[in-house]
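# Summary of the model geometry
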Amino acid sequence: AQLQSGQPQAAALTYSNLNDTFTNSALRLEAATGHAEAHFALRDWPRVIEVIENPNGAFQSMVAARGTNDPNIARGYLIGARAWLKQNEFTRADKALARVSDSAADTRLRMKLVPGCGGGIRRGGARHPLYLFIATCVPIGCGGGGICGG
């Protein structure tokens, strides 16, 4: 609610506290993804990447527990890839995308989160569906107050 109401700093703190306090929560992955989204809204690209890639953090512990075939894990890696792109770190963005399971990041997920996304960055000579997704939009509820483009 804080992120949607334009309070990303408060949201980041809330999500961080939830992950630190409730380490066994079934909602820990959602809180970790929300934490990354809040820092994305703040344009704090290094912190987004830290939340997603810290091997001792909540997100990576949930990756270890659930594997990569989970839409929320795909969403987290997509947010991280977008943060790498914002820093012109294309190789690192590609590595983040390589971690996403194609079945987790299916068309329904991409279209539900960001209707009308398109564009494209080429990967290996062909358009990669995840690049099509992140090329123009951020994977956080665009159309419902998310951040597209820019």
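Positions within a chain are numbered from 1, following the residues in the order the chain's sequence is written. For a predicted model such as this one, the threshold for reporting local features is a pLDDT of at least 70, and the threshold for listing and counting side-chain atom pairs is 80 or more; totals across whole chains, interfaces and linings nevertheless cover every residue. With hydrogens and water set aside, each side-chain value is computed from the structure's full complement of heavy atoms.

Looking now at helix 2 (residues 28–41). For the purposes of this entry, the term helix denotes a DSSP run of H or I that reaches at least four residues, the term strand denotes a run of E that reaches at least two, and both are numbered from the N terminus. By definition here, a helix of n residues has an expected span of 1.5 Å times n minus one. Taking 1.5 Å of rise per residue, the 14 residues of helix 2 would be expected to cover 20 Å, and the 20 Å separating its terminal C-alpha atoms lies within 8% of that figure. To sort residues, take the accessible area from a 1.4 Å probe on protein chains only and compare it with the maximum for the residue type: under 20% means buried, over 50% means exposed, and anything in between is partly exposed. Counting buried positions along helix 2 gives twelve out of 14 residues, so the element sits mostly inside the fold. Where helix 2 is concerned, the buried positions are Arg 28, Leu 29, Ala 31, Ala 32, Thr 33, Gly 34, His 35, Ala 36, Glu 37, Ala 38, His 39 and Phe 40. Of the residues one or two after helix 2, Arg 43 is the one with positive phi, at around 60°.

Here the focus is the nonpolar core. Of all hydrophobic cores here, the largest spans 26 residues; its most connected members are Ala 36, Val 48, Phe 59, Ile 73 and Tyr 77. When contributions to this core are tallied by element, the ones reaching two or more residues are helix 2, helix 3 (45–53), helix 4 (58–66), helix 5 (71–86) and helix 6 (90–98). With sequence-adjacent residues up to four places away left out, Tyr 77 is seen in contact with Ile 52, Phe 59, Gln 60, Val 63, Ala 96, Arg 99 and Val 100. Note on terminology: a nonpolar core comprises buried Ala, Val, Leu, Ile, Met, Phe, Trp, Tyr and Cys residues joined through side-chain atoms within 4.5 Å. Only heavy atoms enter the contact rule, under which two residues are in contact if any of them lie within 4.5 Å.

What follows deals with the packing of aromatic side chains. Here a Phe, Tyr or Trp ring, Trp counted by its six-membered ring, pairs with any other such ring whose centre lies within 6.5 Å, and the pair is stacked when the planes are under 30 degrees apart, edge-to-face when over 60, and tilted otherwise. Applying the stated criterion across every chain yields a total of two aromatic pairs. Between the aromatic rings of Phe 59 and Tyr 77, the centroid separation amounts to 5.2 Å while the plane-to-plane angle is 85°, which identifies the pairing as edge-to-face. Note that Phe 59 is positioned in helix 4 and Tyr 77 in helix 5, a separation of 18 residues in sequence. Given a relative accessible area of 0%, Phe 59 falls into the buried group. In this structure Tyr 77 comes out as buried when scored by relative accessible area, which is 3%.

It is worth spelling out the side chain of Asn 72 at this point. Secondary-structure assignment places Asn 72 in helix 5. Asn 72 sits in the buried class, given a relative accessible area of 19%. Sequence-distant contacts of Asn 72, defined by excluding residues within four places in its chain, comprise Leu 29, Glu 30, Thr 33 and Phe 59.

Our focus in this paragraph is helix 3. Here helix 3 has its buried residues at Trp 45, Val 48, Ile 49, Val 51 and Ile 52. For helix 3, the angular spread of buried residues about the axis comes to 160°, placing them on one side. On the buried face of helix 3, the contacting elements are helix 2, helix 4 and helix 5. The reported arc concerns the directions from the helix axis to the C-beta atoms and nothing else.

Now for the confidence of the model for the protein. Mean pLDDT over the protein stands at 74; residues scoring 70 or higher make up 67%. Taken element by element, the predicted model of the protein shows its lowest mean pLDDT in strand 1 (residues 122–123) (38) and its highest in helix 3 (96). Segment residues 107–150 is flagged for pLDDT under 50; beyond a separation of four residues in sequence, or across chains, it makes 91 contacts in the model. Here pLDDT means the predictor's own confidence in every residue, given as a number from 0 to 100.

The interhelical angle for the contact between helix 2 and helix 5, taken along N-to-C directions, is 20°, at an axis separation of 9 Å. Judged on the interaxial angle alone, helix 5 and helix 2 are roughly parallel. Where helix 2 crosses over helix 5, the two elements pack in a sense that is left-handed. On the side of helix 2, the interface is formed by Leu 29, Glu 30, Thr 33, Ala 36, Glu 37 and Phe 40, while helix 5 contributes Asn 72, Ile 73, Arg 75, Gly 76, Ile 79, Arg 82, Ala 83 and Lys 86. Note that Gly is not counted as nonpolar here; it falls among the polar residues with everything else outside the nonpolar set of Ala, Val, Leu, Ile, Met, Phe, Trp, Tyr, Cys and Pro and the charged set of Asp, Glu, Lys and Arg. Of the residues assigned to the contact of helix 2 with helix 5, the class counts are six nonpolar, three polar and five charged. A fitted line through C-alpha atoms represents every axis, and for helices the fit uses only the stretch in contact; the resulting angles, taken between N-to-C directions, go from 0 to 180 degrees. Reported orientations rely on four angle classes, namely roughly parallel under 35 degrees, roughly antiparallel over 145, roughly perpendicular from 65 to 115, and oblique for the rest. Helix crossings are classified by the rotation of the near helix relative to the far one: an anticlockwise turn of less than a right angle makes the crossing left-handed, while a clockwise turn makes it right-handed.

The topology assignment puts Ile 52 in helix 3. The class of Ile 52 is buried, set by a relative accessible area of 1%. For the pair Ile 52 and Ile 79, spaced 27 residues apart in sequence, the C-alpha to C-alpha distance is 8.3 Å. Those residues within four positions of Ile 52 in sequence are excluded, and the remaining contacts are Ala 36, Phe 59, Gln 60, Gly 76, Tyr 77 and Gly 80.

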